[in-house]
Amino acid sequence: MYTFEKEYNLMKQHLEELILAALNTLQAQGEFSLSSIPPLQIDTTKDKQHGDFATNIALVLAKPLQRKPREIAEKIVHALPVSPNVAKVEIAGPGFINFFSSMQALSDVVPAILAAQDKFGHCQLGQSKRVHIEFVSANPTGPLHVGHGRHAAYGDTVGNLLKAVGFSVHKEYYVNDAGRQMDILAASVWLRYLTLCGETIIFPTNAYRGGYVVDIAKVLHAQQDKRLHMAAAVVFKDLPRDEPEGGDKEEYINALIIRAQQLLGDGYKVVFDCGLHAIQQDIHDDLVELGVVFDTWFSERDFIKTDVVNNLIATWKQQGYVYEREGAYWFRSTDFGDEKDRVIERSNGQRTYFANDAAYHIDKFHRGFDKEVWIVGADHHGYVPRVRAALQAGGIDVNNFSAQLVQFVTLYRGKEQVQMSTRGGEFVTLRELRAEVGNDAARFFYVMRKCEQHMDFDLDLAKSQSNDNPIYYIQYAHARICSVFRQLAERGGQYDQTIGLAHLHLLTESYERQLLTRLGHYPQVIANAALQYEPHLLTHYLRDLATDFHAYYNSHQFLTDDIGLRYARLALITATRQILINGLKLIGVQAPDSM
RNA sequence: GCGCCUGUAGCUCAUUCGGAUAGAGCACCGGCCUUCUAAGCCGGGGGUAGCAGGUUCGAGUCCUGCCAGGCGCGCCA
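Calculation notes
Residues numbered from 1 in each chain as written. Chains lettered and ligands numbered in written order. Predicted model: local features only at pLDDT ≥ 70, side-chain atom pairs only at ≥ 80, totals over all residues. Heavy atoms only, no water. Domains from an automatic or database assignment. Pairing = 2+ DSSP bridges. Helix = DSSP H or I, 4+ residues; strand = E, 2+ residues; numbered from the N terminus. Axes fitted to C-alpha atoms, helices over the stretch in contact; angles between N-to-C directions. Contact = heavy atoms within 4.5 Å. Near = heavy atom within 4 Å. Polar contact = N/O pair within 3.5 Å; in protein donor to acceptor, adjacent residues only side chain to side chain. Nonpolar A, V, L, I, M, F, W, Y, C, P; charged D, E, K, R; others polar.

S.K.: Honestly, the domain arrangement of chain A in this entry has me stumped. Any pointers?
M.R.: Buried accessible area, meaning the area lost when the parts come together, often serves as the stated size of an interface. Taken domain by domain, chain A holds domain 1 (4–101), domain 2 (180–281) and domain 3 (468–587). Just the C-alpha atoms count here: the centres of domain 1 and domain 2 sit 73 Å apart.

Have a look at this one:
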């Protein structure tokens, strides 16, 4: 099977051997007098004029040898052993040594791709280590919006990439179903329900105002009829003022929650669960439709029912990581590089969200994961140091923890920015976005940029389905290749891959060389994208690959009369099609046969 | 005030542990469909990489100081 180490590094490895041989020869001849040979750096080149690979060794040796780089380079090139994989060696610029692969070496990638098929580009860098990847984890207080979509597409693609390079990947959604926000949702649902029961309600400023709350209330009303009905006069009796009346909206909603709990008793849980389940189901379905499937949905409420958090706090108290001050318990996160210590247990006895979260992150490792990737909104960046501190206090090697901060998505309709607020009720949902632009375009757009880069998402542009959309360009390349084979069939031809592979030496055009070179880079792109958590490298690569193909398509006829050349070219574009499919699949995008 | 992120062509963004003449797309200008899908190709114009120093063979990339924008600094989640 084709692997990253075996094939891609083979050429680099081969060049390394050649250069080392040259250096040793020069040392033995007394030309060079190096006490040690520095590690060799061999890069794939950006510019094809610079060949396929380049090394800066002559530049690095300039100082220890006290000689000019170009002079050193010439010595090295003269001492290089001859190789059938190397067509040409040149010295360029300040002293770079450029290597031009032979067409033989380049065209080897075609049989490699055709043999490995959907496994091409995969490797075992991850050594089957277990990676926990947490993303989205939006509070179940409303439908996902376009910002969450970016998290979903990014996290899912990073997971796919990590799997491709040999990690055992576990995708998890942390359900924040234990906080005050959930109580606000419950109160919001109940008030809408009461309206359906015929009560006249002035809706609180701080309640969730989205239409989905009314939908949930309708379900509740259908299930419970009037069983949870209370008169508005009773519900609102002696409550503090809401904001419009000059009061505090937070105090007001809190009082309303307590009132709801008192009046409803056991019924409160019915309302609460109705809201939670409806929204969690909606989020789940939304993600599945986008192609994002989590291995686990980890409930905070279930988690805090276990002893894990209690045990952690008890342990930390014992170990001296926690001290008491002003009636609360503080975690010494400053001992681990945080700005200030953090409360984990409030003076009223309640644990903070952070206490649960610290225990959750440590628990991931106790569950057997070797590595944690935590994908979280950039607005949480201040939160990362204390999580890191918690992991260290928990005895976890933080080198196995990576927090990826995803910047906001700013929505535009043409030139106009769309304001978004979860409670304002006027926000664009992920579902609406998918309906407008399609899942493929949504996923592709979302991962096109580095996660720490702000994203301006123009709905009008994404909706336009014009050729501005890079996804069409790549998909079109795939469809065109499929079309070539349909043409072949219409003309009564029968593709014979064996003949094609036997005639790869006929691929001598510059466009063919370019395409072969690009195909050869794929494994490295996958490895880089995975290890750096940067799927945008893959989208850019696919764009470039499609460009190489379209240029080739426009310059040369594939279905030539020369059978050997014809099938060699078809073998090449079959390999190209395979890489398009492989890359798009990692991003979660379809590769249509026709458009 | 302190901390993190960002600043590259008119716009949106790339630039592979610091490498060669900073690249794409969109937009703009000019060409290419009797030949495998023109959702395509070919060519052209367009840059003080926010500003100023520093480190070295070499800096968009690393360090320092400013400037501008975003975000964060709770016994909220």
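The rest of the description comes next.
S.K.: How do you make sense of the sheet that holds strand 8 (residues 322–325) when you look at a structure like this?
M.R.: Strand pairs in the sheet, formed through backbone hydrogen bonds, run parallel or antiparallel to each other. The 3 strands lie next to each other as 8-9-10, forming an open sheet whose pairing is antiparallel. Of all the strands in the sheet, just strand 8 and strand 10 (342–345) have a single pairing partner and so form its edges. Each strand of the sheet is rotated relative to its neighbour by a mean of 45°, with strand direction disregarded. Each of strand 8, strand 9 (328–331) and strand 10 is contacted by helix 13 (residues 308–319), which is oriented at about 120° to strand 10, the strand it contacts most.

S.K.: How do you make sense of the protein's contact with RNA strand B when you look at a structure like this?
M.R.: Surrounding RNA strand B, one finds 64 residues, the nearest of these being His 381, Arg 449, Tyr 476, Ser 483 and Tyr 553. For RNA strand B, the backbone makes up 63% of the atoms found within 4 Å of the protein, where backbone means sugar plus phosphate. A distance of 2.2 Å separates a sugar or linking oxygen of RNA strand B from a polar side-chain atom of Arg 449. One of the backbone nitrogen or oxygen atoms of His 454 is found 3.0 Å away from a phosphate oxygen of RNA strand B. For the surface near RNA strand B, the secondary-structure elements that each account for two or more residues are helix 2 (57–65), strand 4 (96–101), strand 9, helix 19 (470–490) and helix 22 (536–555). A total of 9 residues in the surface near RNA strand B trace back to one element, the largest contributor, which is helix 19. Class assignment of the residues belonging to the surface near RNA strand B gives a composition of 22 nonpolar, 25 polar and 17 charged.

S.K.: What is the right way to look at the side chain of Ser 299 in this model?
M.R.: One can find Ser 299 in strand 7 (residues 296–299). Non-local contacts of Ser 299, meaning those with residues more than four positions away in its chain, are made with Val 175 and Asp 177.

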